[in-house]
Amino acid sequence: MTGYYDYVLGLIPLTLLGLTAILFVAGFGLTTAVPVGAGVSGLIVGHALFINGPVAPTDTIQQPVTAEHADPSPTPIPEQA
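I will try to describe carefully the structure that is included in this document. Since the model is a prediction, treat every value here as computed from it, not as a measurement. (Residues numbered from 1 in each chain as written. Predicted model: local features only at pLDDT ≥ 70, side-chain atom pairs only at ≥ 80, totals over all residues. Heavy atoms only, no water.)

Per the secondary structure count, the protein chain includes three helices and zero strands. Reading the helices (α) and strands (β) of the protein chain from amino to carboxyl end gives α-α-α. With 81 residues in all, the protein chain has 11% of them scored as buried. Summarising the internal contacts of the protein chain: among those between residues at least 6 apart in sequence, 52% fall at separations of at least 24. Accessible surface, the protein chain as shown: approximately 7100 Å² in total, 70% of it carbon and sulfur. (Helix = DSSP H or I, 4+ residues; strand = E, 2+ residues; numbered from the N terminus. Buried < 20%, exposed > 50% of the residue type's maximum accessible area, 1.4 Å probe, protein only. Contact = heavy atoms within 4.5 Å. Areas by Shrake-Rupley, 256 points an atom, 1.4 Å probe, with all protein chains shown as cover.)

Attention now goes to the packing of aromatic side chains. Within this structure, the stated rule accounts for one aromatic pair. Aromatic side chains Y4 and Y5 sit 5.0 Å apart centroid to centroid with 80 degrees between the ring planes, which places their arrangement in the edge-to-face category. For Y4, a relative accessible area of 30% corresponds to the partly exposed category. (Phe/Tyr/Trp six-rings, centres within 6.5 Å; stacked < 30°, edge-to-face > 60°.)

The subject of this paragraph is the environment of I44. If you trace the backbone, I44 turns up in helix α2 (residues 30-51). Between the alpha carbons of I44 and T15 there is a distance of 9.0 Å; along the sequence they are 29 residues apart. Residues within four places of I44 in sequence aside, it is in contact with V8, L11, I12 and T15.

Here it is as structure tokens:
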């Protein structure tokens, strides 16, 4: 199952190399195409980190109920005969 971050990891080199190649073939100089491709890749990384940042799962682990926590009322002390 592919998720958002799998797509981000694929888009980073694809954008860097693909956009640079497209701009270079379109007539831009290599010194212009590489920074533009790197900038777009940086924006993708920035979006993945700051806009749609990774978060920890919110599942909580329930503690087992022990005798200590089961009944909050005090237990009477048995009388000695």
